[in-house]
Amino acid sequence: MTVIAKFRVIVGALTFLVLALSVQTASAQQPTMVNPQASAVKEGQLFEELNRISGRCTVPDQKACTIEQPAGRDWRHFHEVTLRWIGGIVIIGTLAMLIGFYLWRGMVKIEIGRSGRTIVRFNGFERFVHWMTATCFIILALSGLNITFGKPLLLPLIGPESFTAWSQLAKYAHNYLSFPFTIGVFLIFLMWIAGNIPNRVDVEWLKRGGGIVGHDHPPAYRFNAGQKMIYWIVVLGGAAVAASGYVLMFPFYGTDIAGMQVAQIAHAIVAVLFIAAMIGHIYIGTVGMEGAFEAMGTGTVDLNWAKEHHILWLEEEKARTGPNETRRQPATNPAE
Ligand code: HEM
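Note that the structure is predicted; figures quoted are calculated from it, not measured.

Quick notes on the side chain of Ser 244
Here comes step 1: Following the sequence through the fold, Ser 244 ends up in helix H6 (residues 225-249).
Here comes step 2: Its relative accessible area of 9% is what places Ser 244 among the buried residues.
Here comes step 3: A distance of 3.4 Å separates the side chain of Ser 244 from the backbone oxygen of Val 241, its partner in a polar contact.

Observations regarding the site of the ligand
Here comes step 1: Around the ligand, a shell composed of 25 residues is seen, among which His 79, Thr 148, His 174, Gln 264 and His 267 lie nearest.
Here comes step 2: Between His 79 and the ligand, the recorded distance is 2.9 Å, taken from a side-chain N or O atom to an oxygen atom.
Here comes step 3: Here His 267 contributes a side-chain N or O atom positioned 2.7 Å from a nitrogen atom of the ligand.
Here comes step 4: Listing elements by their share of the shell around the ligand, those giving two or more residues are helix H3 (70-105), helix H4 (124-192), H6 and helix H7 (257-288).
Here comes step 5: Per-element tally for the shell around the ligand: the top contributor is H4, with 12 residues.
Here comes step 6: Across the shell around the ligand, the residue classes tally to 15 nonpolar, nine polar and one charged.

Here's the deal with the packing of aromatic side chains
Here comes step 1: According to the stated counting rule, one finds 13 aromatic pairs in the structure shown.
Here comes step 2: Centroid distance Phe 122 to Trp 192: 5.4 Å. Interplanar angle 55°. Geometry classified as tilted. Taken together, the residues Phe 122 in the loop between strand S3 (117-120) and H4 and Trp 192 in helix H4 connect sequence positions 70 residues apart. Trp 192 matches Phe 122 in its accessibility class, with the two residues each being buried.
Here comes step 3: One aromatic cluster is present, formed by Phe 101, Tyr 102, Trp 104 and Tyr 283 through successive ring pairs.
Here comes step 4: The positively charged end of Lys 63 is found above the aromatic ring belonging to Phe 252, 4.1 Å away from the centroid.
Here comes step 5: The ring of Trp 313 has Arg 121 lying over it, and the distance from NZ or CZ to the ring centre is 4.8 Å.

Re the coordination of the iron atom of the ligand
Reference values for angles at a metal are 109.5 degrees in the four-donor tetrahedral case and 90 or 180 degrees in the six-donor octahedral case.
Here comes step 1: Coordination of the iron atom of the ligand by the protein involves His 174 (NE2) and His 267 (NE2), with metal-donor separations of 2.0 to 2.1 Å.
Here comes step 2: Seen from the iron atom of the ligand, its six donor atoms lie at angles of 82 to 179°, and the figure they make is octahedral. Here His 174 is found in helix H4, whereas its partner His 267 is found in helix H7, with 93 residues between them in sequence. Of the two residues examined, His 174 and His 267, each falls in the buried class.

What to know about unusual backbone geometry
Negative phi is the rule for most residues except glycine; trans is the rule for most peptide bonds.
Here comes step 1: In this model, Phe 252 sits at a positive phi of 65°, which is unusual for a non-glycine residue.
Here comes step 2: Within the element layout of this structure, Phe 252 appears in the loop between H6 and H7.

Digging into the environment of Ile 197
Here comes step 1: Relative to the helices and strands, Ile 197 resides in the loop between H4 and helix H5 (200-207).
Here comes step 2: By relative accessible area, Ile 197 is classed as partly exposed at 46%.
Here comes step 3: Considered as a pair, Ile 197 and Lys 228 are 31 residues apart in the sequence and their alpha carbons are 7.6 Å apart.
Here comes step 4: Setting aside residues no more than four positions away along its own chain, Ile 197 makes contact with Asp 202 and Lys 228.

Topic: helix H10 (residues 311-321)
Here comes step 1: Considered for burial, the residues of H10 that qualify are Leu 312, Trp 313, Leu 314 and Glu 317.
Here comes step 2: At its buried positions, H10 is contacted by S3, H5, strand S4 (300-302) and helix H9 (303-309).
Here comes step 3: At the exit of H10 stands Gly 322, carrying a positive phi of roughly 95°.

Details of the pattern of salt bridges
Here comes step 1: Taken as a whole and assessed by the stated rule, the structure comprises nine salt bridges.
Here comes step 2: Note that Lys 63 is salt-bridged to Asp 61, the shortest N-O span being 3.0 Å.
Here comes step 3: Here Glu 317 makes a salt bridge to Arg 320, at a shortest N to O gap of 2.9 Å. Of the two residues, Glu 317 and Arg 320 are both situated in helix H10; the distance of three residues between them amounts to about one turn of the helix.
Here comes step 4: Here the salt bridges share partners, and the residues they tie into one network are Arg 114, Glu 290 and Glu 294.

The rules behind these values
- Residues numbered from 1 in each chain as written.
- Predicted model: local features only at pLDDT ≥ 70, side-chain atom pairs only at ≥ 80, totals over all residues.
- Heavy atoms only, no water.
- Helix = DSSP H or I, 4+ residues; strand = E, 2+ residues; numbered from the N terminus.
- Buried < 20%, exposed > 50% of the residue type's maximum accessible area, 1.4 Å probe, protein only.
- Polar contact = N/O pair within 3.5 Å; in protein donor to acceptor, adjacent residues only side chain to side chain.
- Near = heavy atom within 4 Å.
- Nonpolar A, V, L, I, M, F, W, Y, C, P; charged D, E, K, R; others polar.
- Phe/Tyr/Trp six-rings, centres within 6.5 Å; stacked < 30°, edge-to-face > 60°.
- Lys NZ or Arg CZ within 6 Å of the ring centre and 35° of its normal.
- Donors = N, O, S within 2.8 Å, 3.2 Å for Na, K, Ca; no water.
- Tetrahedral: all angles 85-135°; square planar, octahedral: opposite > 155°, others 65-115°.
- Contact = heavy atoms within 4.5 Å.
- Salt bridge = Lys/Arg side-chain N within 4 Å of Asp/Glu carboxyl O.

If you want it as structure tokens, here you go:
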């Protein structure tokens, strides 16, 4: 082979090498013929034009064919932002107000002191219904609040595995305890309706601050205006959470996706207001008022407590059972 021929072979080989290398680099840099982004681009365009992503699908439940829509985004914003603000402000605000009130007013004492004699206020059945409903309520409140606040507050503290196990347990508790809770609210409605119809005495009681703000003792029958409010909050709030809760528990029976969203929003808002009201109720029944807890604890109250807070009821009871139908309280100090 001549020198020129050898030169041509070398130039040809080099040219081939350069071409091969440049084709490979270009194919590595440029998109392939099948563009993986193409369908997403179409969805993005559709989304911008129609504000929703929906289409046809083969699953039997046609609701699943709508992946995103404006009302769904509004609902998600309510659940993840608005509800957390409402719930946080209402619940923490109530706690803060009660702490402030306690520091200012302190416990409402039995001003004339205890008499040592008691009178029956709630019988065994009434106390059973009260505590069954109250226990269910507390578990429903904690397990419900886990759905609202668990992810941002609890998950980072206890980690995903514990959070999953706790949330599953909480969800079962929320579903199953709803039944005894509903029965309890219904029994409360029947048991105490007679004493909870508003009357003129309530207006006077409210005008005089109910005795909790100042040191007055406005007369009241078995339930005063404050207790009547709690009664109606429990009956109406309980009915509202039960009705909306069962719509959520049995989804799409008689309602569509919009109905489910309304039920969830109603359930969540009534629930946080209900929780705040019950925090107030628990406050007065424990640290807020001397002698109140025993009414639901042992079922009896001191006569002087009844005189100060429910004088009209005490007179009715005495007229009904005779003036001596009171019990002497057992000695509280065993060393005496
Ligand atoms: C008959 C009574 C009740 C039933 C049938 C019921 C049912 C339900 C159901 C099915 C859910 C949705 C759970 C989920 O998304 O997986 C829920 C959520 C919730 N429940 Fe109840 N519930 C009842 C009573 C209560 C009570 C008494 C409270 C509060 C004291 C409460 C507070 C909540 C809260 C805060 C949520 C979460 C709301 C959210 O963030 O979406 N529930 N309930």
